[in-house]
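Understanding the architecture of this molecule
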Amino acid sequence: MDSDHVVRIAPGNAQPVLRREAQDYVLQSGVVLDRTSNQDDDQQYFLYIPRKRGASASVFISVHGISGNAHEHATQFSPFAERYGVVLIAPLFPRERFPDYQRLARCLPQNKSRRADHVLQRIVAEVGILTGANTSQLYLFGYSGGGQFVHRYAMVYPSQVARYVVGAAGWYTFPDTAVNYPRGIKPRAGLPDIQFDPCRFLAIPASVLVGERDVRAGTALNTSPRIEQQQGATRLERGRRWVHAMTEAAKHYHLDTRFDFHTLPDSGHSFRRSMKRGNMGTVVFERLFGSETDPRLK
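This text gives an overview of the structure that appears in the document. Values in this document were obtained by computation on a predicted structure and should not be read as measured data.

1. Describing unusual backbone geometry
- With an omega of 15°, the peptide bond between tyrosine 181 and proline 182 qualifies as cis.
- Counting through the fold element by element, proline 182 comes out in the loop between strand S7 (161–167) and helix H4 (198–201).
- Positive phi, normally seen in glycine, also occurs at serine 56, with a value near 55°.
- Mapped onto the elements of the fold, serine 56 is located in the loop between strand S3 (44–48) and strand S4 (59–63).
- Phi angles above zero are rare outside glycine, and asparagine 279 is one such case at about 60°.
- With respect to the secondary-structure elements, asparagine 279 resides in the loop between helix H7 (271–276) and helix H8 (280–289).
- For asparagine 279, a relative accessible area of 41% corresponds to the partly exposed category.

2. Focus: the packing of helix H1 (residues 70–84) against H8
- At a minimum axis distance of 10 Å, the contact between H1 and H8 shows a crossing angle of 35°. Pair H1 / H8 crosses with right-handed handedness. Of H8, the residues touching H1 (which contributes Phe77, Phe80, Ala81 and Tyr84) are Gly281, Thr282, Val284, Phe285, Glu286 and Phe289.
- Residue composition of the contact of H1 with H8, grouped by class: seven nonpolar, two polar and one charged.

3. Comments concerning the nonpolar core
- Ranked by size, the top nonpolar core spans 59 residues in total, and within it Leu47, Ile61, Ile89, Phe149 and Tyr164 carry the most contacts.
- Once you skip the residues sitting within four places of it in the chain, tyrosine 164 turns out to touch Leu140, Val150, His151, Ala154, Ile204, Pro205, Ala206, Ser207, Trp242, Met246, Phe259 and Leu288.
- Listed in part, the 30 residues of the second largest apolar core include Ala74, Phe77, Leu88 and Phe289.

4. Description of the side chain of glutamate 126
- Locating glutamate 126 in the fold gives a position in helix H2 (residues 116–131).
- With a relative accessible area of 4%, glutamate 126 lands in the buried category.
- Polar side-chain contacts of glutamate 126 include one of 2.7 Å to the side chain of tyrosine 45.

5. A short note on the layout of surface pockets
- The calculated volume of the largest pocket comes to roughly 400 Å³.
- Contributing to the lining of the largest pocket are 24 residues, with Ile66, Pro99, Gln102, Gln148 and Ala220 lying nearest its centre.
- Residue composition of the lining of the largest pocket, grouped by class: ten nonpolar, nine polar and five charged.

6. Focus: the packing of aromatic side chains
- Counted by the stated rule, this structure contains 20 aromatic pairs.
- Ring geometry for tyrosine 181 versus phenylalanine 196: centroids 5.5 Å apart, planes at 40°, classification tilted. Highlighted residues: tyrosine 181 in the loop between S7 and H4 and phenylalanine 196 in the loop between S7 and H4, separated in sequence by 15 residues. In this pair, the class of tyrosine 181 matches that of phenylalanine 196, namely buried.
- A connected cluster of aromatic rings, assembled from ring pairs, spans Phe60, Phe77, Phe80, Tyr84, Tyr139, Phe141, Tyr143, Phe271, Phe285 and Phe289.
- Sitting over the ring of phenylalanine 80, arginine 83 keeps its end group 5.0 Å from the ring centre.
- Directly above the ring of tryptophan 171 sits arginine 152, whose terminal nitrogen or CZ lies 4.4 Å from the centroid.

7. Points about H2
- Over its 16 residues, H2 extends 22 Å from the first C-alpha to the last, a length consistent with the 22 Å expected when each residue adds 1.5 Å.
- Listing the buried residues of H2 in full gives Ala116, Asp117, Val119, Leu120, Ile123, Val124, Glu126, Val127, Gly128, Leu130 and Thr131.
- Contacts from the buried residues of H2 go to strand S2 (32–36), S3, S4, strand S5 (87–91), strand S6 (138–143) and helix H3 (145–156).
- Downstream of H2 by a residue or two, glycine 132 has a phi angle that is positive, lying close to 75°.

8. Side note on the pattern of salt bridges
- Taken as a whole, this structure holds twelve salt bridges when the rule is applied.
- Among the ionic pairs, arginine 115 bridges to aspartate 193, the shortest N-O distance being 3.2 Å. With arginine 115 in the loop between S5 and H2 and aspartate 193 in the loop between S7 and H4, this residue pair connects regions lying 78 residues apart in the sequence.
- For arginine 115, a relative accessible area of 18% translates into the label buried.
- Put simply, Arg115, Asp117 and Asp193 are held in one network by salt bridges that share partners.

Rules used throughout
- Here the residue numbers are simple positions, counted from 1 along each chain's written sequence.
- Selection of residues for local features in this predicted model requires a pLDDT of at least 70, selection of side-chain atom pairs for listing and counting requires 80 or more, and totals for whole chains, interfaces and linings are taken over all residues.
- Think of the side-chain values as coming from all heavy atoms in the structure, minus any hydrogens and water.
- Comment: elements are numbered from the N terminus, with helices defined as DSSP H or I runs of at least four residues and strands as E runs of at least two.
- For the exposure calls, accessible area comes from a 1.4 Å probe over protein chains only, and a residue counts as buried if that area is under 20% of its type's maximum, exposed if over 50%, partly exposed in between.
- Lines fitted to C-alpha atoms define the axes here, with helix axes fitted over just the stretch in contact, and angles between the N-to-C directions of these axes take values from 0 to 180 degrees.
- Crossing chirality is assigned from the near helix's rotation relative to the far helix, an anticlockwise turn below a right angle marking it left-handed and a clockwise turn marking it right-handed.
- Every residue pair with non-hydrogen atoms within 4.5 Å of one another is taken to be in contact.
- Asp, Glu, Lys and Arg are counted as charged, while Ala, Val, Leu, Ile, Met, Phe, Trp, Tyr, Cys and Pro are counted as nonpolar; the rest, among them Gly, fall into the polar class.
- As used here, the term nonpolar core means buried Ala, Val, Leu, Ile, Met, Phe, Trp, Tyr and Cys residues forming a set that is joined through side-chain atoms within 4.5 Å.
- Whenever a nitrogen or oxygen atom comes within 3.5 Å of another N or O atom, the pair is scored as a polar contact, on the condition that within protein one atom can donate a hydrogen and the other can accept it, and that pairs from neighbouring residues in sequence are kept only if both atoms are in side chains.
- We place a 1 Å grid over just the protein atoms. Points where a 1.4 Å probe fits but has no way out form a cavity, open points with protein on both sides within 12 Å along at least 5 of 7 lines form a pocket, and any residue with an atom within 4 Å of a point lines it.
- Grid points are joined across faces, edges and corners, and a volume is the space filled by probe spheres set on the points.
- Any two of the Phe, Tyr and Trp rings considered here, Trp counted by its six-membered ring, make a pair once their centres fall within 6.5 Å; the pair's planes then place it as stacked at under 30 degrees, edge-to-face at over 60, or tilted in between.
- We call a charge positioned over a ring when the NZ of a Lys or the CZ of an Arg lies within 6 Å of the ring centre and within 35 degrees of the ring normal.
- Multiplying one less than the number of residues by 1.5 Å gives the expected span of a helix.
- Counted as salt bridges are all cases of a side-chain nitrogen of Lys or Arg within 4 Å of a carboxyl oxygen of Asp or Glu.

What follows is the structure in structure tokens.
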């Protein structure tokens, strides 16, 4: 399989099988498709439909960091999606239109960009129609800024998420009801639909992966004194603290949900190197879907 092969799907070169407004096309499997959302004309995402899949295949979503490397996420994860028989979505959130996608939304009057969480929901609904995949319970991964998006999405929309993996997020939303969102889960007046139910989001298993060499702050790391006091100075420390906080909060609600922390060998803060050197793809899919030796995957 040539996982780097990208096919652009447009109405002129696809075969409609349902109504035009449903944009339900016969899509090619086994290649990464570059699509524009039917509901958001300029919204791009990458889609991989495995050749080997059953009815109502699971949906895996991979969210990029601030570099915007959605295509790289799609091509790097497509062999795993094929192996596990899951549909892959890699949305693109360009910085100029989604400057705060990591936070889902931001309480600023001047921020008129579209909400990344709502855009993703429309993409997922479209993919469900196009592929027949099971979109009721999603499997999420995000790297760096994408890791911020993913864990916050799971905390705000727990009914939509089966499991999630956070890769080297810069900072986290802690399950602290006394601290305002996004550092904690106390609601903000300007974001009335960003609400939290700890009993539900703490019931979702989650993993955090960070490269063992990911200890430099860099220009992209939030170095706010409040963040450092709450979460630590490095991505390694922050990931460990968040896993501990989530584990303790789950116990408070009498939940035995598993939250685990995993270091990636020989890896700094790089998606590409974490995939190549740290074997991140294998770890992500095993955390989300189980080991390949699981007989259910045969």
